[in-house]
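# Observations on chain architecture
Below, each chain spelled out in residue letters.
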Amino acid sequence: VPFLDDLDTPSVVVDLDVLEANIGRMAAHAKESGVRLRPHAKTHKIPELARLQLAAGSTGISLAKIGEAEVFADAGIEDVFLAYPVVGAKKADRVLALSQRMRIAIGADSVAGAATIGDVFHAAGRRIEVLLKVDCGYHRVGVSPEAAVTTASRLAELPGIALRGVFTHAGHAYHASGRDEIDRIARTEGEILAQAAAEIRAAGIPVAEVSVGSTPTARGSMGVAGVTECRPGNYVYHDASQVSLGTCGLGDCAMTVLATVVSVPAPERAVLDCGSKTLSSDPLRPRGEGHGWILGRKSRLASLSEEHGVVRVEPGESFRVGERVRVLPNHACVVSNLHDRVVLARGDRVEGEWRVAARGRVR
Ligand SMILES: Cc1ncc(COP(=O)(O)O)c(C=O)c1O
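Here's what I pulled together on the structure shown here. Quantities reported herein were computed from a predicted structural model and do not represent experimental measurements. (Residues numbered from 1 in each chain as written. Predicted model: local features only at pLDDT ≥ 70, side-chain atom pairs only at ≥ 80, totals over all residues. Heavy atoms only, no water.)

### A look at the packing of aromatic side chains
We count it as follows: Only rings of Phe, Tyr and Trp enter the pairing, Trp through its six-membered ring, and a pair is recorded when the two centres are within 6.5 Å. The plane angle decides the type: under 30 degrees is stacked, over 60 is edge-to-face, the rest tilted. Every helix listed is a DSSP run of H or I at least four residues long, and every strand listed is a run of E at least two residues long, numbered separately from the N terminus. For the exposure calls, accessible area comes from a 1.4 Å probe over protein chains only, and a residue counts as buried if that area is under 20% of its type's maximum, exposed if over 50%, partly exposed in between. Only when the NZ of Lys or the CZ of Arg is both within 6 Å of the ring centre and within 35 degrees of the ring normal is a charge said to sit over the ring.
Per the counting criterion, the structure on display carries one aromatic pair. Judged by centre distance (4.9 Å) and plane angle (85°), the ring pair of F81 and F167 falls under edge-to-face. Highlighted residues: F81 in strand 4 (residues 79-85) and F167 in strand 7 (residues 161-167), separated in sequence by 86 residues. Both residues of the pair, F81 and F167, belong to the buried class. Of note, K65 hangs over the ring of Y84, and the distance from its end group to the ring centre comes to 5.6 Å. Cation over ring: R297 sits above F319, and NZ or CZ is 4.2 Å from the ring centre.

### Observations concerning the sheet that holds strand 5 (residues 103-108)
Threshold: DSSP bridges decide pairing: two strands pair if at least two such bridges lie between them. In this description, contact between two residues means that some pair of their heavy atoms is separated by no more than 4.5 Å. Note on geometry: axes are C-alpha line fits, over the in-contact stretch for helices, and angles between N-to-C directions span 0 to 180 degrees.
If you trace the eight strands from one edge of the open sheet to the other, you get 2-9-8-7-6-5-4-3, paired in parallel fashion. Of all strands in the sheet, those with a lone pairing partner are strand 2 (36-37) and strand 3 (61-63), marking the two edges. Sheet topology note: the strand 5/strand 6 (residues 128-133) ladder contains four bridges and is parallel. Residue pairing for strand 6: G107 is matched across the bridge by L131. On top of the sheet, helix 5 (residues 111-123) reaches strand 5, strand 6 and strand 7; it is set at about 170° to strand 6, its chief contact.

### Re the pairing of strand 7
The line we're drawing: Handedness of a crossover is defined as follows: orient the strands so they point away from the viewer, and if the path from the first strand over the helix to the second runs clockwise, the crossover is right-handed.
Counted residue by residue, strand 7 has seven buried out of seven residues, so it is predominantly covered. Sheet topology note: the strand 6/strand 7 ladder contains six bridges and is parallel. In the sheet register, L131 faces strand 7, and the bridge partner there is G165. Crossover connection from strand 6 via helix 6 (residues 148-157) to parallel strand 7: handedness right-handed. Pairing between strand 7 and strand 8 (residues 209-212): three bridges, direction parallel. The residue bridging V166 from the neighbouring strand is V210, located in strand 8.

### What about the side chain of H44?
Secondary-structure assignment places H44 in the loop between strand 2 and helix 2 (47-55). Those residues in contact with H44, other than ones at most four positions away along the chain, are L49, A50, Q53, F72, V236, Y237, S336 and V356.

### Points about the environment of F319
As for its placement among the helices and strands, F319 is situated in the loop between strand 14 (309-312) and strand 15 (324-328). Note on F319: relative accessible area 8%, which makes it buried. Residues F319 and P267, 52 residues apart in the sequence, show an inter-C-alpha distance of 8.4 Å. In contact with F319, other than residues within four places in its own chain, are V261, V264, A270, I294, R297, S299, V311, V313 and V325.

### Looking at the pattern of salt bridges
Definition in use: By definition here, a salt bridge exists when the distance from a side-chain nitrogen of Lys or Arg to a carboxyl oxygen of Asp or Glu is within 4 Å.
Within the structure shown, the criterion is met by 19 salt bridges. Here R297 ties to E323 by a salt bridge, and the two come within 2.3 Å at their closest N and O atoms. Pair noted here: R297 is in the loop between strand 12 (293-294) and strand 13 (300-304) and E323 is in the loop between strand 14 and strand 15, with a separation of 26 residues, a long-range link. Using a relative accessible area of 26% as the deciding quantity, one classes R297 as partly exposed.

So this is what it looks like as structure tokens:
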């Protein structure tokens, strides 16, 4: 299939020129800041894309699920951090098996949770590298900064555990009111974590890695003294939320969904063949209505059902049945999880496709 016009819809399209520029730019920021880059590959779930990130200088990748790490191990990726509190004996067996095939570390924010993995490694005469999650204000998981030293000391003493460092994720940046607030959150993200690392070291426990990162805060947090690693994920694709947050411009968005207008039942309403099965129902960040933007139009997707994307047609615009449009999704990472393949393009020329090999790995 040589051109986008020849593709059936809905299709997820990744523009390689934009993708490569995004990978290069973040790699350059990390190099300038003197930190290691460990991109979160949950955004794309594609080993070939991870290889581009590694070729650009990343030290390894981050993932959330053991099933994702298994797919990446099969593809020959050698260094993974599961940036998630991994808990449970069933999971420990799989992490142990993975540790024979790759360098792997896990996140933890409790002694009880880490012990479920450490016990299995200890019984096997091995140790799993752990990073302690510290809450820098998102209030999702992670110990409070005040509890970091106590938890780190207890983790460091657990059998089967080797404490590698600390990590945090400023997910609250997605709710920020503007660039100034994002910059403030980014600085705080770096400072809270660097401070926690300093206090843990003062207690006599080595901290090799101080790992921050989200896409909106990456540039700011990686520049804070004491930070050693950054884990942005979404930056490879970007999406309507990143544009709304001011993280990037429309031209920096690599992922779009090619869709067809299947119905125009009223002048103010048009329906696309991409619903929540294609786009997910994730909201626009930091706030705002709708379920995706249509490139080149002011009209937006106002509501979704599974198979239907309903466009509220703005005055002065019109759509015709059979017409094809490009939709910029609210959130690129969740779109990846819904599709077996992404089509690779440069402009309107199709260059191939990648299998989203680690999609749907919920365990
Ligand atoms: C723990 C962790 N680290 C890093 C990231 C990457 O952040 P972003 O998607 O903003 O690039 C995420 C994303 O959810 C995350 O949960």
